[in-house]
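Coordinate analysis (summary)
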Amino acid sequence: MKNCKDIENSLPLYLDNLLSSADKRAVEEHLKSCPKCSKALVQLQKTGNLVDGLGEVEPPPWFKQKIMARVREEADKKSFAQKWFYPLRIKIPIQVFATIFITVLAVYIYRAGNEQFKEVIPSQAPTPVMEAEKDKLSEQTTELSEADKTVVKKKVSAKKGIRDEEMVMYDVSPGSSAPKTQELKKAIPQENIPATAGNTASLVKRERAADKKDASYSALMAKQAEPAKAMPPPSVELERKKEGYVLGASVKQSRAPEAQSVMPKITISVRVGDLNIVVGEVEKLLTKHEAKKVVKQMPEGKAIITAELKIKNLKNFIAQLKTIGQIEEKGMPVDSVEGDILVVIEIINN
Amino acid sequence: MLWMSNIIDNKKLMTADEDIEYVVLCQKGDTEAFGVLVERHQKKMLNIAYRMMGDYDEACDVTQEAFLSAYKSIKKFKAEAKFSTWLYRIVVNYSKNRLKQLRNITQRESFSIDDSGEMKIEGALCQSFAKDANPGAQMEKREREAQVQKCITSLDEEYREVLVLRDIQGLSYEEIKDILKIPEGTVKSRLSRARNALKGCLVRVIGDL
């Protein structure tokens, strides 16, 4: 026989009809004889009724909208992550391979660029080049005449003028209008204009010191050809030379990074009958041989054409020049077959 | 009796999960499909939370958080149980966690949870019975409900949750077992104690039932 405590504990299950038939019978037997437990059963039934009678609360207005607003907000965040990372099994390997590919590509490009960089390095390491040139100059000082010295310096200074890769052709004869100062500065042989021309002389004065060495060189060249006509006043030339030597060094220092590799130079004198016809022919010949930076100057009784030629084309060019007139070559022997050479062609009336 | 009829109703519900179609859509990224699930379950979720907490505003917050949490982890839902079971588990857990937080806050502030609870319960009941025509009966019913809710809130959480799920929400023992992840025998014994405890509380509060 169960006591009241056990029966009271069984009453909720009895009401739910969850007791076994034996337990159910035992509860019913007890209830008949126990008013306390019977009362407890009634109270339990009333409690059940009270709980059943509890009303449901309604959600506040816009409850669903509020929830969905937050859900959409979350979905936006999620979609951003999904865009980049999900599904992981596909996107992560793609990202890994892409990263590796970009890294390899970057290394490859860097290495390829490095080779090109090495090609440029000799010209970008100005100090040794300049030093070498200076040494060369000092060695030659004892052997060469003053004119020869300026030739060597010309080689150095001429290179500094080489910036424009396009073919440049200026006619800077005394009568023609001079190009703008800036352009003049870029053009290499413009300073070859004899200092006797007033307007040109003023321009030349404004040129950099290195360019002035060229001017003195051209003056000397002119002196060799026609001493009486082309030679500038000795005092002026002397002054220029001084400036050239002093200022040239500072220019070399300040513009050292710009200095390109030193280009070999050759001077060819051509003696001809008709100056104007031959000048045209020589120009055609230069164009045919892919000459760059062709600059023509026509002082009285002669023409000076300066151009850059590929060394491999030089031999052929000279051979064809020989068919035009009697030629005389001056300049440094060319060792390499690659690269460019500065060619100064003096066409002199016979 | 409702306690009996609930068992039969829930057996029918267990046969098919009508939410699964929308759950699959949500899992495929259709946010709007979740709206259908919110529409279907918001009232029941809110009522579970409300009966667990006895505070309407807190219940609204907890229900929102529970829905958001459900959305975040909807891909983890494996359809091993009904979606509603899974959802109710979330709201019960959120309610219990929130109650714990509130208990800590109340302890710190030396504030009586019973007093505040009563006030808020009455507020919610005002909303619940706003449509009743007879003001006197309305007042009496509201007062009785507040007393019942106060007694429910006074129960231990483990008794409260089974009482709310079984006697108020009418879920089956099977569902309650799944929601609370406890054996069915434990559900029955807890429910038995919960009902007796509620009866004892109501006798103390109301007098002779």
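What counts and how
- Every residue gets a number counted from 1 within its own chain, in the order that chain's sequence is written.
- Each chain is given a letter, starting from A, and each ligand a number, starting from 1, according to the order in which they appear as written.
- Local features in a predicted model are, by the rule used here, given only for residues with pLDDT of at least 70; side-chain atom pairs are given and counted only at 80 or more, and totals for whole chains, interfaces and linings are based on all residues.
- A helix here means a DSSP run of H or I that spans at least four residues, while a strand means a run of E at least two residues long, and both kinds are numbered starting from the N terminus.
- Whether a residue is buried, exposed or partly exposed follows from its count of other C-beta atoms within 10 Å of its own C-beta, namely 20 or more, 12 or fewer, or something in between, respectively; the C-beta atoms are built from the backbone.
- It is the C-beta atoms, placed from the backbone, that decide contacts: two residues are in contact if theirs lie within 7 Å.
- Between any two strands, at least two bridges found by DSSP are needed for them to pair.
- Axes, fitted as lines to C-alpha atoms, cover a helix only where it is in contact. Angles between the N-to-C directions of the axes lie from 0 to 180 degrees.
- What sets the label is the angle itself: under 35 degrees gives roughly parallel, over 145 gives roughly antiparallel, 65 to 115 gives roughly perpendicular, and the rest give oblique.
- Gly falls in the polar group here, along with every residue not listed as nonpolar (Ala, Val, Leu, Ile, Met, Phe, Trp, Tyr, Cys, Pro) or charged (Asp, Glu, Lys, Arg).
- In these notes, a nonpolar core means any group of buried Ala, Val, Leu, Ile, Met, Phe, Trp, Tyr and Cys residues linked to one another through C-beta atoms within 7 Å.
- On a range of 0 to 100, pLDDT expresses the predictor's confidence in each residue.
- For any helix crossing, the convention is left-handed if the near helix is rotated counterclockwise from the far helix by under a right angle, and right-handed if that rotation is clockwise.

Quick word on the overall build of chain A
Broken down by element type, chain A carries 14 helices and five strands. When the 350 residues of chain A are sorted by exposure, 31% land in the buried category. For chain A, restricting intrachain contacts to residue pairs at least 6 apart in sequence, the fraction spanning at least 24 positions comes to 71%.

Some details on the overall build of chain B
A count of helical and extended segments in chain B gives ten helices and zero strands. Counting from the amino terminus, chain B carries its helices and strands in the arrangement α-α-α-α-α-α-α-α-α-α. In chain B, which comprises 209 residues, the share counted as buried stands at 40%.

Side note on the pairing of strand E3 (residues 302-310) of chain A
All names here are of chain A. Across the nine residues that make up E3, a large majority, eight, are buried. The pairing of strand E2 (residues 292-297) with E3 spans four bridges and is classified as antiparallel. Within the sheet, the bridge partner assigned to Lys 292 lies in E3 and is Glu 308. From the end of E2 to the start of E3, which pair antiparallel, there are four residues, and Gly 301 there has a positive phi angle of about 75°.

A word on the packing of helix H1 (residues 4-15) of chain A against helix H10 (residues 184-206) of chain B
Relative placement of two packed helices is described by the angle separating their axes and the distance separating the axes. Axis separation between H1(A) and H10(B) bottoms out at 9 Å; the angle between their running directions is 105°. Taken together, the axes of H1(A) and H10(B) lie roughly perpendicular to each other. For the pair H1(A) and H10(B), contact is made by A:Glu8, A:Asn9, A:Pro12 and A:Leu13 and by B:Lys188, B:Leu191, B:Ser192, B:Arg195 and B:Asn196, respectively. Of the residues assigned to the contact of H1(A) with H10(B), the class counts are three nonpolar, three polar and three charged.

A few points about the interface of chain B and chain A
Taken together, the 39 residues of chain B in the interface contact 32 residues of chain A. Going through the elements one at a time, helix H1 (2-15), helix H3 (31-53), helix H4 (56-72), helix H6 (113-128), helix H7 (135-154), helix H8 (157-168) and H10 of chain B are the ones with two or more residues in the side of chain B that touches chain A. Ranked by residue count, the leading element in the side of chain B that touches chain A is H3(B), at ten residues. Counted by class, the side of chain B that touches chain A contains 21 nonpolar, nine polar and nine charged residues.

Some remarks on the nonpolar core
Counting 55 residues, the largest nonpolar core has B:Ala49, B:Val91 and B:Leu163 as the members making the most contacts within it. At ten residues, H3(B) tops the list of elements feeding residues into this core. What B:Ala49 contacts, discounting residues up to four positions off in sequence, is B:Ala59, B:Val62, B:Thr63, B:Val91 and B:Ser95. Ranked by size, the runner-up nonpolar core spans 25 residues in total, among them A:Ile266, A:Ala303, A:Ile304 and A:Ile347.

Section: the confidence of the model for chain A
All names here are of chain A. In this model, chain A carries a mean pLDDT of 68, and residues with pLDDT of at least 70 account for 55%. Least confident of the elements in chain A is helix H8 (residues 181-186), whose mean pLDDT is 42; most confident is helix H3 (residues 35-52), at 91. Below pLDDT 50 for its whole length, residues 151-215 participates in 123 contacts with residues either more than four positions away or in separate chains. Across residues 225-260, where pLDDT falls below 50, the model places 57 contacts with residues more than four positions away in sequence or in other chains.

Some details on the environment of A:Gly273
Residues and elements named next belong to chain A. Relative to the assigned elements, Gly 273 resides in the loop between strand E1 (265-272) and helix H13 (275-288). Classification of Gly 273 by C-beta neighbours within 10 Å gives exposed; the count is 9. Taking the C-alpha atoms as reference points, Gly 273 and Ile 324, separated by 51 residues in sequence, lie 9.7 Å from one another.

Thoughts on the sheet that holds E3(A)
Either a parallel or an antiparallel arrangement is found when strands of a sheet pair, and the pairing is made through backbone hydrogen bonds. All names here are of chain A. The strand order across the open sheet formed by five strands is E2-E3-E5-E1-E4, and the pairing between neighbours is mixed. Where the open sheet ends on each side, the last strands, each with one partner, are E2 and strand E4 (326-331). Each neighbouring strand pair of the sheet contributes to a mean axis angle of 15°, computed without reference to strand direction. Sheet strands in contact with H13 are E1, E2, E3 and strand E5 (340-349), and its direction is about 165° off that of E5. Packed on one face of the sheet, helix H14 (residues 311-324) meets E1, E3, E4 and E5 and runs near 150° to E3.

Some words on the environment of A:Pro59
Turning to its location among the elements, A:Pro59 is positioned in the loop between H3 and helix H4 (63-85). A residue is classified by how many C-beta atoms lie within 10 Å of it, and A:Pro59, with 18 of them, is partly exposed. Apart from residues no more than four positions distant in its own chain, A:Pro59 is found in contact with B:Gln42, B:Lys43 and B:Leu46.

Side note on H8(B)
In terms of residue burial, H8(B) counts as a mostly covered element, since ten of its twelve residues are buried. Following H8(B) by one or two positions, B:Gly170 adopts a phi angle in the positive range, close to 70°.

Description of the packing of H1(A) against helix H2 (residues 21-33) of chain A
Residue and element names in this part refer to chain A. Contact geometry of H1 with H2 gives a least axis separation of 10 Å together with a crossing angle of 120°. Classed by the angle they form, the pair H1 and H2 counts as oblique. For the pair H1 and H2, the sense of crossing is left-handed. Where H1 approaches H2, its residues Ile 7, Ser 10 and Tyr 14 are matched on the opposing element by Asp 23, Lys 24, Val 27 and His 30.

A short note on unusual backbone geometry
Positive phi outside glycine occurs at A:Lys293, with the angle close to 50°. For A:Lys293, the location among the structural elements is in strand E2. Phi at B:Ala79 takes a positive value of approximately 60°, unusual for a residue other than glycine. Among the secondary structure elements, B:Ala79 is positioned in the loop between H4 and helix H5 (83-109).

Quick look at the confidence of the model for chain B
Residue and element names in this part refer to chain B. Looking at chain B, pLDDT values average 83 and 80% of them are 70 or higher. Within chain B, H4 carries the highest mean pLDDT (95), whereas H1 carries the lowest (45). For residues 111-119, every residue scores under 50 in pLDDT, and the model assigns this stretch nine contacts once sequence neighbours within four places are set aside. Predicted complex, confidence summary: ipTM 0.80, pTM 0.50.

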